[in-house]
Amino acid sequence: MAGAEERAPGAPLIIAVDGPAAAGKGTLARRLAAALGLPYLDTGLLYRAVGRRVLDRGVDPRDARVAEAEARALRPADLERPDLRSPEADMAASAVAAIPGVRTALLDFQREFGRRRGAVLDGRDIGTVVFPDAPVKLFVTASLEVRARRRFEELRGRGVEADPGQVEAELRARDTQDSSRAAAPLRPAADALLLDTTALDAEAAFAAALRLVRARLAEAGAPLSA
Ligand code: DC
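Residues numbered from 1 in each chain as written. Predicted model: local features only at pLDDT ≥ 70, side-chain atom pairs only at ≥ 80, totals over all residues. Heavy atoms only, no water.

Regarding the nonpolar core
So, point 1. Residues Ile15, Val17, Leu28, Leu32, Val120, Leu138 and Val213 are the most contacted members of the largest nonpolar core, which totals 25 residues.
So, point 2. For this core, the secondary-structure elements that each account for two or more residues are β1 (14–18), α1 (25–36), β4 (136–141), β5 (193–196) and α9 (202–219).
So, point 3. Among the elements that make up this core, the one with the highest residue count is α9 (7 residues).
So, point 4. In contact with leucine 32, not counting residues within four places along its chain, are Val120, Leu138, Phe206, Ala209, Leu210 and Val213.
So, point 5. By size, the runner-up hydrophobic cluster in this structure holds 17 residues, among which are Leu46, Val50, Leu84 and Leu106. (Core = buried A, V, L, I, M, F, W, Y, C linked by side-chain atoms within 4.5 Å. Buried < 20%, exposed > 50% of the residue type's maximum accessible area, 1.4 Å probe, protein only. Helix = DSSP H or I, 4+ residues; strand = E, 2+ residues; numbered from the N terminus. Contact = heavy atoms within 4.5 Å.)

Here's what the structure looks like:
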(Lines give C-alpha, C1' and ligand atoms only; values in the text may rest on other atoms or scores of the structure.)
Protein backbone atom coordinates (compact mmCIF):
# COMPACT_ATOMS: atom_id res chain seq x y z
CA MET A 1 0.00 0.00 0.00
CA ALA A 2 1.40 3.42 -0.92
CA GLY A 3 2.87 5.17 2.09
CA ALA A 4 2.57 2.10 4.30
CA GLU A 5 5.46 1.51 6.65
CA GLU A 6 7.30 -1.78 6.55
CA ARG A 7 7.64 -3.80 9.70
CA ALA A 8 10.87 -5.64 10.41
CA PRO A 9 10.49 -9.42 10.11
CA GLY A 10 9.50 -11.24 13.30
CA ALA A 11 6.32 -12.03 15.18
CA PRO A 12 3.20 -10.64 13.53
CA LEU A 13 2.43 -7.26 15.05
CA ILE A 14 -0.83 -7.01 16.97
CA ILE A 15 -2.25 -3.63 17.87
CA ALA A 16 -5.24 -3.73 20.22
CA VAL A 17 -7.62 -0.77 20.13
CA ASP A 18 -10.31 -0.90 22.82
CA GLY A 19 -12.77 1.61 24.20
CA PRO A 20 -16.45 2.49 24.58
CA ALA A 21 -18.88 2.94 21.69
CA ALA A 22 -18.43 5.95 19.39
CA ALA A 23 -15.07 6.97 20.88
CA GLY A 24 -13.62 7.05 17.37
CA LYS A 25 -11.71 3.78 17.65
CA GLY A 26 -13.00 2.30 14.38
CA THR A 27 -11.78 5.19 12.23
CA LEU A 28 -8.55 5.29 14.17
CA ALA A 29 -7.89 1.56 13.96
CA ARG A 30 -8.63 1.46 10.23
CA ARG A 31 -6.23 4.34 9.57
CA LEU A 32 -3.52 2.83 11.76
CA ALA A 33 -3.83 -0.45 9.89
CA ALA A 34 -3.49 1.31 6.52
CA ALA A 35 -0.48 3.33 7.69
CA LEU A 36 1.27 0.29 9.12
CA GLY A 37 0.39 -2.11 6.29
CA LEU A 38 -1.60 -4.41 8.60
CA PRO A 39 -4.98 -6.13 8.15
CA TYR A 40 -7.83 -4.59 10.14
CA LEU A 41 -10.63 -6.34 12.02
CA ASP A 42 -13.65 -4.54 13.50
CA THR A 43 -14.56 -7.14 16.13
CA GLY A 44 -17.81 -5.33 17.02
CA LEU A 45 -19.12 -6.48 13.65
CA LEU A 46 -18.95 -10.10 14.85
CA TYR A 47 -21.20 -9.35 17.82
CA ARG A 48 -23.49 -7.24 15.65
CA ALA A 49 -23.87 -10.09 13.16
CA VAL A 50 -24.67 -12.56 15.94
CA GLY A 51 -27.24 -10.13 17.36
CA ARG A 52 -28.85 -9.81 13.93
CA ARG A 53 -29.04 -13.55 13.46
CA VAL A 54 -30.80 -13.88 16.81
CA LEU A 55 -33.22 -11.05 15.95
CA ASP A 56 -33.92 -12.75 12.59
CA ARG A 57 -35.19 -15.74 14.52
CA GLY A 58 -37.55 -13.50 16.49
CA VAL A 59 -35.73 -14.34 19.73
CA ASP A 60 -34.62 -12.03 22.57
CA PRO A 61 -30.83 -11.41 22.13
CA ARG A 62 -30.32 -12.23 25.82
CA ASP A 63 -31.31 -15.85 25.13
CA ALA A 64 -27.97 -17.60 25.77
CA ARG A 65 -28.82 -20.91 24.10
CA VAL A 66 -29.95 -19.37 20.81
CA ALA A 67 -27.24 -16.68 20.80
CA GLU A 68 -24.49 -19.27 21.33
CA ALA A 69 -25.84 -21.45 18.51
CA GLU A 70 -25.97 -18.42 16.19
CA ALA A 71 -22.42 -17.42 17.14
CA ARG A 72 -21.18 -20.89 16.24
CA ALA A 73 -23.09 -20.74 12.93
CA LEU A 74 -21.71 -17.32 11.95
CA ARG A 75 -20.52 -17.10 8.33
CA PRO A 76 -18.38 -14.44 6.57
CA ALA A 77 -21.44 -13.31 4.57
CA ASP A 78 -23.15 -12.32 7.85
CA LEU A 79 -20.52 -9.61 8.27
CA GLU A 80 -21.52 -8.05 4.94
CA ARG A 81 -25.14 -7.41 5.94
CA PRO A 82 -26.27 -3.83 5.42
CA ASP A 83 -28.28 -3.73 8.67
CA LEU A 84 -25.48 -4.14 11.24
CA ARG A 85 -25.27 -0.49 12.28
CA SER A 86 -28.77 0.45 13.31
CA PRO A 87 -29.65 1.36 16.93
CA GLU A 88 -31.47 -2.01 17.15
CA ALA A 89 -28.31 -3.84 16.08
CA ASP A 90 -26.26 -1.80 18.61
CA MET A 91 -28.37 -3.04 21.51
CA ALA A 92 -28.62 -6.62 20.24
CA ALA A 93 -24.81 -6.77 19.84
CA SER A 94 -24.26 -5.50 23.36
CA ALA A 95 -26.77 -8.06 24.72
CA VAL A 96 -25.26 -11.11 22.98
CA ALA A 97 -21.76 -9.88 23.90
CA ALA A 98 -22.57 -10.37 27.59
CA ILE A 99 -23.08 -14.13 27.04
CA PRO A 100 -19.87 -16.08 27.83
CA GLY A 101 -20.58 -18.84 25.25
CA VAL A 102 -20.94 -16.25 22.50
CA ARG A 103 -17.58 -14.71 23.39
CA THR A 104 -15.89 -18.13 23.43
CA ALA A 105 -17.35 -19.01 20.03
CA LEU A 106 -15.88 -15.82 18.52
CA LEU A 107 -12.46 -16.03 20.15
CA ASP A 108 -10.72 -18.41 17.73
CA PHE A 109 -11.75 -16.43 14.67
CA GLN A 110 -10.27 -13.24 16.14
CA ARG A 111 -7.02 -14.94 17.18
CA GLU A 112 -6.63 -16.71 13.83
CA PHE A 113 -7.19 -13.44 12.01
CA GLY A 114 -4.46 -11.70 14.01
CA ARG A 115 -1.92 -14.50 13.91
CA ARG A 116 -1.89 -14.88 10.16
CA ARG A 117 -0.25 -11.56 9.23
CA GLY A 118 -0.60 -9.43 12.36
CA ALA A 119 -3.48 -6.98 12.65
CA VAL A 120 -5.05 -3.94 14.16
CA LEU A 121 -8.20 -5.12 15.96
CA ASP A 122 -10.72 -2.85 17.61
CA GLY A 123 -13.23 -3.89 20.25
CA ARG A 124 -13.73 -4.01 24.00
CA ASP A 125 -11.51 -6.88 25.19
CA ILE A 126 -8.73 -7.14 22.61
CA GLY A 127 -5.99 -6.06 25.00
CA THR A 128 -7.40 -7.88 28.02
CA VAL A 129 -8.63 -11.22 26.61
CA VAL A 130 -8.15 -11.78 22.88
CA PHE A 131 -4.49 -10.68 22.69
CA PRO A 132 -3.32 -10.02 26.25
CA ASP A 133 0.31 -10.14 25.02
CA ALA A 134 -0.16 -7.55 22.27
CA PRO A 135 2.88 -5.24 22.29
CA VAL A 136 0.71 -2.18 21.66
CA LYS A 137 -2.63 -1.53 23.34
CA LEU A 138 -4.59 1.69 22.98
CA PHE A 139 -7.64 2.50 25.07
CA VAL A 140 -9.59 5.19 23.26
CA THR A 141 -12.15 7.26 25.15
CA ALA A 142 -14.15 10.47 24.81
CA SER A 143 -16.82 12.11 26.97
CA LEU A 144 -20.33 10.70 26.70
CA GLU A 145 -21.60 14.01 25.28
CA VAL A 146 -19.01 14.07 22.51
CA ARG A 147 -19.52 10.41 21.67
CA ALA A 148 -23.29 10.92 21.50
CA ARG A 149 -22.83 13.89 19.17
CA ARG A 150 -20.52 11.88 16.91
CA ARG A 151 -22.91 8.94 16.78
CA PHE A 152 -25.86 11.27 16.06
CA GLU A 153 -23.95 12.92 13.19
CA GLU A 154 -22.93 9.53 11.82
CA LEU A 155 -26.54 8.29 11.86
CA ARG A 156 -27.73 11.51 10.24
CA GLY A 157 -25.04 11.20 7.57
CA ARG A 158 -26.43 7.78 6.71
CA GLY A 159 -29.97 9.13 6.55
CA VAL A 160 -31.06 7.35 9.77
CA GLU A 161 -33.67 9.30 11.78
CA ALA A 162 -32.49 9.75 15.36
CA ASP A 163 -33.20 11.81 18.44
CA PRO A 164 -30.04 13.25 20.10
CA GLY A 165 -31.33 12.56 23.64
CA GLN A 166 -32.16 8.98 22.76
CA VAL A 167 -28.78 8.42 21.09
CA GLU A 168 -27.09 9.58 24.31
CA ALA A 169 -29.35 7.41 26.49
CA GLU A 170 -28.63 4.34 24.35
CA LEU A 171 -24.88 4.95 24.48
CA ARG A 172 -25.06 5.29 28.25
CA ALA A 173 -27.03 2.03 28.50
CA ARG A 174 -24.54 0.24 26.25
CA ASP A 175 -21.56 1.61 28.26
CA THR A 176 -23.15 0.25 31.42
CA GLN A 177 -23.94 -3.12 29.88
CA ASP A 178 -20.48 -3.51 28.26
CA SER A 179 -18.60 -2.43 31.41
CA SER A 180 -20.61 -4.24 34.06
CA ARG A 181 -20.92 -7.70 32.48
CA ALA A 182 -18.95 -10.52 34.13
CA ALA A 183 -17.52 -11.90 30.86
CA ALA A 184 -14.65 -9.80 29.49
CA PRO A 185 -16.00 -6.41 30.62
CA LEU A 186 -14.88 -3.22 28.92
CA ARG A 187 -11.84 -1.94 30.81
CA PRO A 188 -8.35 -0.78 29.90
CA ALA A 189 -5.59 -3.40 30.13
CA ALA A 190 -3.02 -2.55 32.81
CA ASP A 191 -0.47 -1.77 30.09
CA ALA A 192 -2.83 0.12 27.75
CA LEU A 193 -1.98 3.61 26.55
CA LEU A 194 -4.92 5.94 27.12
CA LEU A 195 -6.04 8.28 24.35
CA ASP A 196 -8.85 10.72 25.14
CA THR A 197 -10.28 12.04 21.87
CA THR A 198 -12.84 14.40 23.44
CA ALA A 199 -11.04 17.48 22.12
CA LEU A 200 -9.50 15.87 19.02
CA ASP A 201 -10.82 15.60 15.48
CA ALA A 202 -10.16 12.41 13.50
CA GLU A 203 -6.90 13.76 12.06
CA ALA A 204 -5.47 14.81 15.43
CA ALA A 205 -6.58 11.53 17.05
CA PHE A 206 -4.82 9.56 14.32
CA ALA A 207 -1.60 11.58 14.66
CA ALA A 208 -1.65 11.09 18.45
CA ALA A 209 -2.31 7.36 18.09
CA LEU A 210 0.53 6.91 15.61
CA ARG A 211 2.91 8.71 17.98
CA LEU A 212 1.85 6.41 20.83
CA VAL A 213 2.28 3.28 18.69
CA ARG A 214 5.74 4.33 17.52
CA ALA A 215 6.86 5.22 21.05
CA ARG A 216 5.65 1.90 22.45
CA LEU A 217 7.33 -0.12 19.69
CA ALA A 218 10.59 1.80 20.15
CA GLU A 219 10.44 1.06 23.89
CA ALA A 220 9.92 -2.62 23.08
CA GLY A 221 12.98 -2.55 20.83
CA ALA A 222 10.95 -3.18 17.67
CA PRO A 223 10.68 0.20 15.99
CA LEU A 224 8.87 0.54 12.69
CA SER A 225 11.26 1.16 9.84
CA ALA A 226 9.41 4.31 8.80
O1 DC B 1 -17.61 -1.65 18.61
P2 DC B 1 -19.15 -1.78 18.38
O3 DC B 1 -19.90 -0.60 18.94
O4 DC B 1 -19.47 -2.04 16.96
O5 DC B 1 -19.57 -3.08 19.22
C6 DC B 1 -20.91 -3.51 19.32
C7 DC B 1 -21.11 -4.24 20.62
O8 DC B 1 -20.37 -5.47 20.59
C9 DC B 1 -20.64 -3.50 21.86
O10 DC B 1 -21.70 -2.82 22.51
C11 DC B 1 -20.06 -4.56 22.74
C12 DC B 1 -19.75 -5.71 21.85
N13 DC B 1 -18.32 -5.97 21.65
C14 DC B 1 -17.67 -6.70 22.61
O15 DC B 1 -18.27 -7.07 23.63
N16 DC B 1 -16.37 -7.06 22.44
C17 DC B 1 -15.69 -6.66 21.35
N18 DC B 1 -14.41 -7.02 21.22
C19 DC B 1 -16.33 -5.87 20.37
C20 DC B 1 -17.66 -5.52 20.56
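Section: helix α8 (residues 164–180)
So, point 1. Between its first and last C-alpha, α8 extends 24 Å over 17 residues, near the 24 Å set by a 1.5 Å rise per residue.
So, point 2. Of the positions making up α8, those classed as buried are Val167, Leu171, Arg174, Asp175 and Asp178. Along the axis of α8, the buried residues cluster in a sector spanning 105°; they form a single face.
So, point 3. Buried-residue contacts for α8 involve α2 (44–56), α4 (87–97) and α7 (144–157). (Expected span 1.5 Å × (residues − 1). Arc of directions from axis to C-beta.)

Brief notes about the pattern of salt bridges
So, point 1. Scanning the entire structure with this criterion turns up 24 salt bridges.
So, point 2. Where arginine 103 meets aspartate 125, a salt bridge forms, and the shortest distance between an N and an O atom there is 2.9 Å. Taken together, the residues span a long stretch of sequence, with arginine 103 in helix α5 (residues 100–117) and aspartate 125 in the loop between β3 (119–123) and α6 (126–130) at a distance of 22 residues. Both residues of the pair, arginine 103 and aspartate 125, count as buried.
So, point 3. A salt bridge links arginine 156 to glutamate 153, with the shortest nitrogen-to-oxygen separation between them at 3.0 Å. (Salt bridge = Lys/Arg side-chain N within 4 Å of Asp/Glu carboxyl O.)

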